[in-house]
Amino acid sequence: MPGRVVDVHTHVVPKGWPDLAAACGGSGWPWLRVDSERAAMIMVGETEFRPVGAECWDAETRLADMAADGVDVQVVSPTPVFFSYDRPAEQAVKVARIFNDLTLEVTAGGGDRLVPFCQVPLQDPDLACAELDRCLAAGHAGVEIGNHVGDRDLDDVGIVQFLTHCAQVGAPVFVHPWDMPGGPRLDRWMARWLTGMPAETHLSVLALILGGVFDRVPETLRICFAHGGGSFPFWLGRADNAWHRRGDLVRGASTAPPSSYVDRFCVDSVVFDPAALRLLVDTMGEDRVLVGSDYPYPLGERPVGQVVRKADFLTADQRDKLLSRNALRFLGRG
């Protein structure tokens with residue numbers, strides 16, 4: 001579909017939800033402090049987590065912003081604070097159902113231009129697979145997952161079970177970093193977002209490779225990492241060097257060097273700088289980079305896709321791949 005723009009990385013926050021303590025059990029759940037018709041604050045307990053606006057829950061506002069930026073289709077995914085992987089699975093599946101159903105209500109206002117992705121209780125693979133199947137039947141097109149569950153990375157046996165199920169049912173998977181380590185050195189300047197998120201994603205890509213997941217999971221798995229794959233593309237040469245020179249410690253369960261696996265996953269384009277985008281395309285290949293914006297949050301790209309559009313090193317065909325064709329293939333529509 002030449003000329004189209006598909007944004008694979010956006011987030012939703014419904015305007016209100018049931019009392020999660022009453023609906024799911026437990027305590028300390030996120031809640032929404034509504035400050036006005038178009039402004040609210042995500043609260044965790046009594047702590048302010050993030051201000052949000054109508055663009056998070058109002059389809060008309062989204063569609064207006066999409067029109068302003070020349071975006072035809074958005075993939076609309078959960079905001080990671082709601083994943084609830086640290087809670088008992090029976091609570092996490094209840095909150096997943098609540099937010100997944102609310103996401104369908106939000107995206108219904110956009111027709112086929114707003115493509116909903118669900119969340120699942122990733123700490124329990126059986127419940128995660130069942131919730132994914134329920135959501136696919138209800139109208140979700142794929143799933144967003146966090147990059148780890150506590151100390152379990154993406155090569156954990158339960159998570160691999162879920163990824164294998166995604167491959168079998170044809171559900172695309174979008175991986176978003178979350179639950180970054182804190183501490184005095186990281187709790188200033190948004191350092192957890194500026195350094196922790198890229199590092200988290202880098203580690204999880206390595207887990208899929210060195211943990212042997214790509215050697216075991218069917219090649220039908222369609223998986224994409226947020227924020228340009230974090231720091232992984234820049235340090236791929238370092239990983240290859242370590243794999244060859246310290247294979248006794250580094251190779252793990254992988255059967256080939258890390259660079260042999262870059263055709264098994266995609267990354268979005270949220271890197272903000274033409275030089276970084278060039279490295280990303282050179283490293284991952286022109287078929288593996290998809291436009292993403294992180295809309296509507298302030299660390300995202302606006303106008304959406306501007307770095308791709310302005311990159312003078314891309315041919316017209318490459319630009320079209322990044323703007324839409326790669327994303328449509330990821331979604332199973334191309």
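Residues numbered from 1 in each chain as written. Predicted model: local features only at pLDDT ≥ 70, side-chain atom pairs only at ≥ 80, totals over all residues. Heavy atoms only, no water.

1. Let's talk about the overall build of the chain
Scanning the chain from N- to C-terminus turns up twelve helices and eleven strands. Relative to its length of 334 residues, the chain is compact, with a C-alpha radius of gyration of 19 Å against a globular reference of 20 Å. Of all 334 residues assigned to the chain, the portion counted as buried reaches 57%. Once local pairs closer than 6 in sequence are excluded, the contacts in the chain between residues at least 24 apart make up 69%. (Helix = DSSP H or I, 4+ residues; strand = E, 2+ residues; numbered from the N terminus. Rg over C-alpha atoms; globule rule 2.2 N^0.38 Å. Buried < 20%, exposed > 50% of the residue type's maximum accessible area, 1.4 Å probe, protein only. Contact = heavy atoms within 4.5 Å.)

2. Quick look at the UniProt feature "domain: Amidohydrolase-related" (unreviewed entry) in the chain
Mapped onto the present numbering, the UniProt feature "domain: Amidohydrolase-related" (unreviewed entry) falls at residues 6-333. Helix and strand shares over residues 6-333 are 40% and 17% respectively, and the end C-alpha atoms of the span are 11 Å apart. (UniProt positions renumbered as here; feature names shortened; annotations may be inferred.)

3. Topic: helix 6 (residues 191-210)
End to end, helix 6 covers 27 Å across 20 residues, agreeing with the expected 28 Å (1.5 Å per residue, within 8%). Phi turns positive, to about 75 degrees, at G212, one or two residues after helix 6. (Expected span 1.5 Å × (residues − 1).)

4. Considering the sheet that holds strand 9 (residues 223-225)
Spatially, eight strands are ordered 1-5-6-7-8-9-10-11 in an open sheet, and the strand pairing comes out parallel. The sheet is open, and its two edges are formed by strand 1 (6-12) and strand 11 (289-290), each paired on a single side. With two bridges joining them, strand 9 and strand 10 (residues 266-268) adopt parallel strand pairing. Each bridged residue has a counterpart across the sheet, and for C224 the counterpart in strand 10 is C266. This element, helix 5 (residues 157-169), spans strand 7 (142-146), strand 8 (173-176) and strand 9 of the sheet and lies at about 160 degrees to strand 7. (Pairing = 2+ DSSP bridges. Axes fitted to C-alpha atoms, helices over the stretch in contact; angles between N-to-C directions.)

5. Focus: the nonpolar core
One finds I145, F162, I223 and L277 to be the most contacted residues of the largest nonpolar core, which totals 66 residues. A per-element tally of this core places helix 5 first, with six residues. Here F162 is in contact with V120, L122, A128, C129, L132, V143 and I145, once residues within four sequence places are set aside. Core analysis: the next-biggest nonpolar cluster, separate from the first, contains 18 residues, W29, W57, V95 and I98 among them. (Core = buried A, V, L, I, M, F, W, Y, C linked by side-chain atoms within 4.5 Å.)

6. Focus on the pattern of salt bridges
For the structure on display, the rule yields 15 salt bridges. In this structure, R302 engages D65 in a salt bridge whose closest nitrogen and oxygen atoms are separated by 3.9 Å. Of the two residues, R302 is situated in the loop between strand 11 and helix 11 (306-310) and D65 in helix 2 (residues 59-69); the sequence distance between them amounts to 237 residues. Ionic pairing is found between R192 and D187, a salt bridge with its closest N-O pair at 3.4 Å. (Salt bridge = Lys/Arg side-chain N within 4 Å of Asp/Glu carboxyl O.)

7. Quick word on the pairing of strand 6 (residues 114-118)
For a regular strand, side-chain orientation follows a simple rule: the groups alternate between the two sheet faces. Within strand 6, five of the five residues are buried, which leaves it mostly tucked inside the rest of the structure. Neither face of strand 6 is left uncovered, since the one carrying L114, P116 and C118 and the one carrying V115 and F117 both have all their residues buried. Pairing geometry for strand 5 (residues 73-78) and strand 6, over three bridges, is parallel. Residue pairing in the sheet places V76 in a bridge with P116 of strand 6. Between the parallel pair strand 5 and strand 6, the chain is carried across by helix 3 (residues 89-108), and the sense of this crossover is right-handed. Strand direction decides the pairing type here: strand 6 and strand 7, joined by two bridges, are parallel. By the bridge assignment, F117 is partnered in strand 7 with G142. As for the winding sense of the linkage, the β-α-β connection from strand 6 through helix 4 (residues 125-138) to strand 7 is right-handed. (Right-handed = clockwise from strand over helix to strand, strands pointing away.)

8. Section: unusual backbone geometry
In the segment running from Y295 into P296, the intervening peptide bond is cis, with an omega of 5 degrees. In this structure, P296 sits in the loop between strand 11 and helix 11.

9. Some details on helix 8 (residues 236-245)
Every buried residue of helix 8 is accounted for by L236, A239, D240 and W243. Projected down its long axis, helix 8 shows its buried positions confined to an angular sector of 100 degrees, all on one face. Residues G237, R238 and R245 are exposed on helix 8 and point more than 90 degrees away from its buried face. For helix 8, the secondary structure elements touched by its buried residues are helix 6, helix 9 (247-250) and helix 10 (274-284). (Arc of directions from axis to C-beta.)

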